[in-house]
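# A look at the structure
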Amino acid sequence: MIEINNLHKSYKMGANSLHVLKGLNFSIKEGELVAIMGSSGSGKSTLLNILGMLDEADSGEYTLDGVPIKNLNETKAAKYRNKFLGFIFQSFNLINYKSAMENVALPLYYQKVPRKQREEKAIKYLSQVGLKEWAHHLPNELSGGQKQRVAIARAMAAEPKVLLADEPTGALDSKTSYEVMDLIQKINDDGNTILVVTHEEDIAHMCKRIVHLKDGVIVEDKKVDQVRASQYV
Amino acid sequence: MFSRDIWKEIFETIQKNKLRTFLSGFTVALGILIFVVLFGFGNGLINTFNEFFSNDATNVFMVFRGRTTMPYKGYKANRTVEFDNSDLEDVEKNFPLFLEYLSPRITRQDTVSYKNESNSYSNWGVGPAHQYAEMNIIMKGRYINVMDIKNKTKNAVIGRLVEQDLFGSKNAVGKYIDVGGSSFKVIGVFQDDGGDNEERNIFVPYTTMQLIEKNTDKIDAMVIGFKPEIGYAGAMAFEKSLDKFIREKKYIHPQDRNGIFIRNVADQLRQNQQFARVLQIIVGFVAFGTIIAGIIGISNIMVFVVKERTKELGIRKALGATPKSVIGTILLESVFITTVSGFIGMLLGVGILSSMGERLEDFFITNPYIDMPMAIIATVVLIIFGGIAGYVPARRAARIKPIVALRDE
Ligand SMILES: Nc1ncnc2c1ncn2[C@@H]1O[C@H](COP(=O)(O)OP(=O)(O)OP(=O)(O)O)[C@@H](O)[C@H]1O
Ligand SMILES: [Mg+2]
């Protein structure tokens, strides 16, 4: 599903250049649930943003679902993001003047799904994350966990090939974190490929594979026995 | 780009961001409103100017007499210049090529009464030609004619409002009124576009007035109509030789500005039209400035709006919004708001102008108006520039990498 080969990325700040990703290689198959770990500043978000086409690598190859991602213009990148990818951010990134349902329906708007179908689908995914009753509430009327569940529903709504989650539990307490992880595990059970950036060990062990980043290189890549989050909920 | 779905999305955004909508809408509406009102007032000023002069014939000189300020040919200064009937004859004899008509004018203020009603009016002794100079329109009866002058009849022509004051709704023609102690028969009623004052005038044969005033032959002023075909240059030449002729006859120094005075209506009209044009340019300038200010205002607001929405646009891009759709959303929203509020402002302005009507006449603003094409052009210009003003920051926002936009707080 995801193939990266010798991926490099540096940030230029004035005369200085900060080499963040120093030649990463890995591949992720369909249906995997991968945790990307590492200390702060190790380049986890940078990697995820490149995988999400929100940012570009300096060099190296990236293939998503057999499509080489290279020299994309913004319009094409937008189409790919819309078709292939769902995002879950640490800070939720919901649009604050849109209701939960409207937020979930937004990726479908860009897929040109008719309004009626959009709303039906949004409600369907909101009920999957247990927020059907909150469909018409604005984000600021929801708790952090609820917001993240709306964001997950939104990422799911477009039915993407890959879900990218950057510290989805970073802003949540542990109980709510487990609820969110439970949801992510269930989505993965349905066959979706998911990448989760985290620096929490317990969250990482709820995935099936852990990739460890340090100073811009992969220092460890191992399969783990998945801990089910449902036992804590 | 113009599907129903896009509009629905835009309406929702507008509805849910009321302050933003209000701010940009208000700026545009206010800009257009001020433009329309200013422009209308400018037109009102010009109307006032034109009205001062349009109600009298423009091919007319008025020759007034004064008091000399310079000694000349043995005459001392400070001598009152007098006109009499022989001056009329001389002018008529010497300027046949230029002259179309000629009337003397003797101006008096008299108490005029009919039965119990009585009032003070301007009472002028004139000849038949005076009607053309004043452009009086006879509503009923007739004006003073040659026979009145010859026979020194005690006939009077009265203004519409004089009839209204003294006779109410009754017909004045044929009735006898008392004018400064003498009885006159009303032979006609006239109206005049020059406003109320001009319709509170009465006219009597100048010969009659001279007879009553101890049979003098003095007159106060000469009203001289020249042939329109002589044109502006001809009129100026006529004025010059007329001035010279009278000065010679009355022994007035050629440089004495106070001995006689010729009021050239055509020349004054021309000067005033020039003044009105300058006024129009100034008002146009100010109004243009308002539109520019409006454009700058809307540009600033658009920059602010796009800045405020950077993060939202980043989210939309992460979810699959193309640069085109980002620009489209911002642009359509801004054009929609400017269009609606622009036309609201325009209609408000037009409404204010038409509700003003005559209320501002004291400030020399008569019947302020703006022609619709002008108002619409100004509004459309503001909309177009509002669109351009929105396009520039929208394009910039569309180019920002989503990751940068998302980081924006
Ligand atoms: N836009 C940027 N410009 C310059 N430097 C950047 C930029 N974004 C990230 N960096 C730097 O790149 C390095 C990696 O950042 P990154 O956000 O990928 O780290 P991370 O592993 O996600 O850390 P954390 O756990 O704190 O989120 C950091 O040293 C950071 O300061
Ligand atoms: Mg990070």
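Residues numbered from 1 in each chain as written. Chains lettered and ligands numbered in written order. Predicted model: local features only at pLDDT ≥ 70, side-chain atom pairs only at ≥ 80, totals over all residues. Heavy atoms only, no water.

### Re the environment of leucine 269 of chain B
All names here are of chain B. Rules: A run of DSSP states H or I qualifies as a helix once it reaches four residues; a run of E qualifies as a strand once it reaches two. Both are numbered from the N-terminal end. To sort residues, take the accessible area from a 1.4 Å probe on protein chains only and compare it with the maximum for the residue type: under 20% means buried, over 50% means exposed, and anything in between is partly exposed.
Structurally, leucine 269 can be placed in helix α9 (residues 265-308). Here leucine 269 falls in the buried class, since its relative accessible area comes to 18%. In sequence terms leucine 269 and asparagine 50 are 219 residues apart; their C-alpha atoms lie 8.1 Å from each other.

### Some points on the site of ligand 1
Convention followed: Working definition: residue near molecule or strand if any one of its non-hydrogen atoms lies within 4 Å of it. Under the rule applied, a polar contact is a pair of N or O atoms within 3.5 Å (in protein, one hydrogen donor and one hydrogen acceptor; residues adjacent in sequence only if both atoms are side-chain atoms). Residue polarity follows a fixed list, in which Ala, Val, Leu, Ile, Met, Phe, Trp, Tyr, Cys and Pro are nonpolar, Asp, Glu, Lys and Arg are charged, and the others, Gly among them, are polar.
Taken together, 14 residues sit near ligand 1, with Ser40, Gly41, Lys44, Ser45 and Thr46 of chain A positioned nearest. With respect to ligand 1, the chains having nearby residues are chains A and B. Contacts to ligand 1 include serine 40 of chain A, whose side-chain N or O atom sits 2.5 Å from an oxygen atom. At 2.7 Å from an oxygen atom of ligand 1 is found a side-chain nitrogen or oxygen belonging to serine 45 of chain A. At the level of secondary structure, the elements contributing two or more residues to the shell around ligand 1 comprise β1 (2-13), β2 (16-28) and α1 (44-51) of chain A. Ranked by residues supplied to the shell around ligand 1, first place goes to α1 of chain A with three residues. Along the lines of polarity and charge, the residues of the shell around ligand 1 split into four nonpolar, seven polar and three charged.

### A closer look at the side chain of asparagine 103 of chain A
All names here are of chain A. Rules: For this analysis, residues touch if any pair of their heavy atoms sits within 4.5 Å.
With respect to the secondary-structure elements, asparagine 103 resides in helix α3 (residues 100-110). At 3.0 Å, the side chain of asparagine 103 forms a polar contact with the backbone oxygen of lysine 98. The contact partners of asparagine 103, leaving out residues within four places of it in the chain, are Leu94, Ile95, Lys98, Pro139, Val150 and Arg154.

### Details of the pattern of salt bridges
We apply this condition: Salt bridges are counted wherever a side-chain nitrogen of Lys or Arg sits within 4 Å of a carboxyl oxygen of Asp or Glu.
Taken as a whole and judged by the stated rule, the model has 35 salt bridges over all chains. Arginine 81 of chain A is paired through a salt bridge with glutamate 74 of chain A; the nearest N and O atoms lie 3.1 Å apart. By relative accessible area, which is 0% here, arginine 81 of chain A ends up buried. Note that arginine 20 of chain B is salt-bridged to glutamate 333 of chain B, the shortest N-O span being 3.4 Å. Of this pair, arginine 20 of chain B sits in helix α2 (residues 18-54) while glutamate 333 of chain B is found in helix α11 (residues 323-356), placing the two residues 313 residues apart along the sequence. This pair shows no difference in class: arginine 20 of chain B is buried, exactly as glutamate 333 of chain B is. A single salt-bridge network, built from bridges that share partners, covers Arg20, Glu308, Arg309, Glu312, Arg316 and Glu333 of chain B.

### Regarding the pairing of strand β7 (residues 176-179) of chain B
Residue and element names in this part refer to chain B. Spelled out, the test is: For two strands to count as paired, DSSP must find a minimum of two bridges between them.
By the alternation rule, side chains of β7 split into Ile177 and Val179, which are all buried, and Tyr176 and Asp178, of which none is buried. Sheet topology places strand β3 (residues 99-114) next to β7; two bridges connect them, and they run antiparallel. From the neighbouring strand, serine 113 faces β7, where its bridge partner is aspartate 178. Pairing geometry for β7 and strand β8 (residues 182-191), over four bridges, is antiparallel.

### Looking at the sheet that holds strand β4 (residues 59-64) of chain A
All names here are of chain A. Cut-off, in case you're wondering: The axes are straight lines fitted to the C-alpha atoms, using for helices just the contacting stretch, and the angles between their N-to-C directions are given from 0 to 180°.
Pairing is antiparallel across the open sheet formed by four strands, whose spatial order is β2-β1-β4-β5. Since the sheet does not close on itself, it has two edges, and those belong to β2 and β5 (67-68), each with one partner. In the sheet, β1 pairs with β2 via ten bridges, with the strands oriented antiparallel. Bridge pairing in β2 places lysine 9 opposite leucine 21. Strands in contact with α1 are β1, β2 and β4; relative to β1, the strand with the most contacts, it is inclined by about 120 degrees.

### So, the pairing of strand β9 (residues 201-205) of chain B
All names here are of chain B. Within β9, five of the five residues are buried, leaving the element largely enclosed by the surrounding structure. Pairing between strand β4 (residues 117-126) and β9: five bridges, direction parallel. Across the sheet, glycine 125 pairs through a bridge with valine 204, a residue of β9.

### Some points on the packing of α3 of chain A against helix α4 (residues 115-128) of chain A
Residues and elements named next belong to chain A. To keep things clear, this is the line we draw: Small angles under 35 degrees read as roughly parallel and large ones over 145 as roughly antiparallel, with 65 to 115 read as roughly perpendicular and the rest as oblique. Each crossing is labelled by how the near helix is turned from the far one, with a counterclockwise turn of less than a right angle marking it left-handed and a clockwise turn marking it right-handed.
Running from amino to carboxyl end, α3 crosses α4 at an angle of 120 degrees, the nearest separation of the two axes being 8 Å. By the angle between their directions, the pair α3 and α4 is classed as oblique. Crossing of α3 against α4: the hand is right-handed. Across from Ala100, Met101, Val104, Ala105, Leu108 and Tyr109 in α3, the residues of α4 making contact are Arg118, Glu119, Lys121, Ala122, Ile123, Tyr125 and Leu126.

### A closer look at the interface of chain B and chain A
What counts here: When two components associate, each loses some accessible surface as probed by a 1.4 Å sphere; the sum of these losses over both components is called the buried area.
Each partner contributes residues to the interface: chain B has 26 residues there, and chain A has 27 residues. Roughly 2,500 Å² is buried in total at the junction of chain B and chain A, and carbon and sulfur atoms are behind 54% of that figure. Salt-bridge contacts for arginine 115 of chain A lead to glutamate 12 of chain B; the nearest nitrogen and oxygen are separated by 3.2 Å. The interface formed by chain B and chain A contains eight residue pairs in polar contact (both at pLDDT 80 or more). Going through the elements one at a time, α1 (4-16), α10 (310-318), α11 and α13 (402-407) of chain B are the ones with two or more residues in the side of chain B that touches chain A. For the side of chain B that touches chain A, the leading source of residues is α1 of chain B, giving seven residues. Across the side of chain B that touches chain A, the residue classes tally to ten nonpolar, five polar and eleven charged.

### With respect to the sheet that holds strand β9 (residues 209-214) of chain A
Residues and elements named next belong to chain A. Strands sit in the order β6-β7-β8-β3-β9-β10 across an open sheet of six strands; the sheet is mixed. Looking at which strands have only one partner, the edges of the open sheet turn out to be β6 (85-88) and β10 (217-223). Across this sheet, the average inter-strand angle for adjacent strands is 15 degrees, counted without regard to direction. Sheet topology places strand β7 (residues 162-166) next to strand β8 (residues 193-197); five bridges connect them, and they run parallel.

### Here we look at the packing of α1 of chain B against α11 of chain B
To describe two helices that pack against each other, one gives the angle between their axes and the distance between the axes. All names here are of chain B. The geometry of α1 relative to α11 is characterised by a closest axis approach of 10 Å and an angle of 65 degrees between their N-to-C directions. Between α1 and α11, the angle is such that the two are roughly perpendicular. Of the two elements, α1 crosses α11, and the hand of that crossing is right-handed. Contacts between α1 and α11 involve Ile6, Trp7, Ile10, Phe11, Thr13 and Ile14 on the former and, on the latter, Thr329, Leu332, Glu333, Phe336 and Ile337. By residue class, the composition of the contact of α1 with α11 is eight nonpolar, two polar and one charged.

### Thoughts on α11 of chain B
Spelled out, the test is: Residue count minus one, scaled by 1.5 Å, sets the expected span of a helix.
For α11 of chain B, spanning 34 residues, the distance from its first C-alpha to its last is 49 Å, which sits close to the expected 50 Å at 1.5 Å a residue. Looking one or two residues past α11 of chain B, glycine 357 of chain B carries a phi angle of roughly 50 degrees, positive in sign.

### Section: the UniProt feature "transmembrane region" (unreviewed entry) in chain B
Residues and elements named next belong to chain B. Put simply, the rule reads: UniProt positions are given in the numbering used here, feature names are shortened, and annotations may be inferred rather than shown by experiment.
Mapped onto the present numbering, the UniProt feature "transmembrane region" (unreviewed entry) falls on residues 21-41, 278-305, 326-352 and 372-392. Along residues 278-305 one finds 100% helix and 0% strand; the C-alpha atoms at either end are 40 Å apart. Taken end to end, residues 372-392 has its terminal C-alpha atoms 30 Å apart, with 100% of it in helix and 0% in strand.

### Section: a positive patch on the surface
Put simply, the rule is: Distance thresholds for patches are 9 Å for like charges and 5 Å for nonpolar side chains (Val, Leu, Ile, Met, Phe, Trp, Tyr), applied to residues having over 30% relative accessible area and no salt bridge. Note on areas: these come from Shrake-Rupley sampling with a 1.4 Å probe, and a residue is covered only by the protein chains present in the view. We treat Lys and Arg as the positive residues and Asp and Glu as the negative residues; His and chain ends play no part in the count. The location of each charge is read from NZ of Lys, CZ of Arg, CG of Asp or CD of Glu.
A cluster of basic side chains, namely Lys76, Lys79 and Lys112 of chain A together with Lys324 of chain B, defines a positive patch on the protein surface. The exposure class of lysine 324 of chain B is exposed, given its relative accessible area of 68%.

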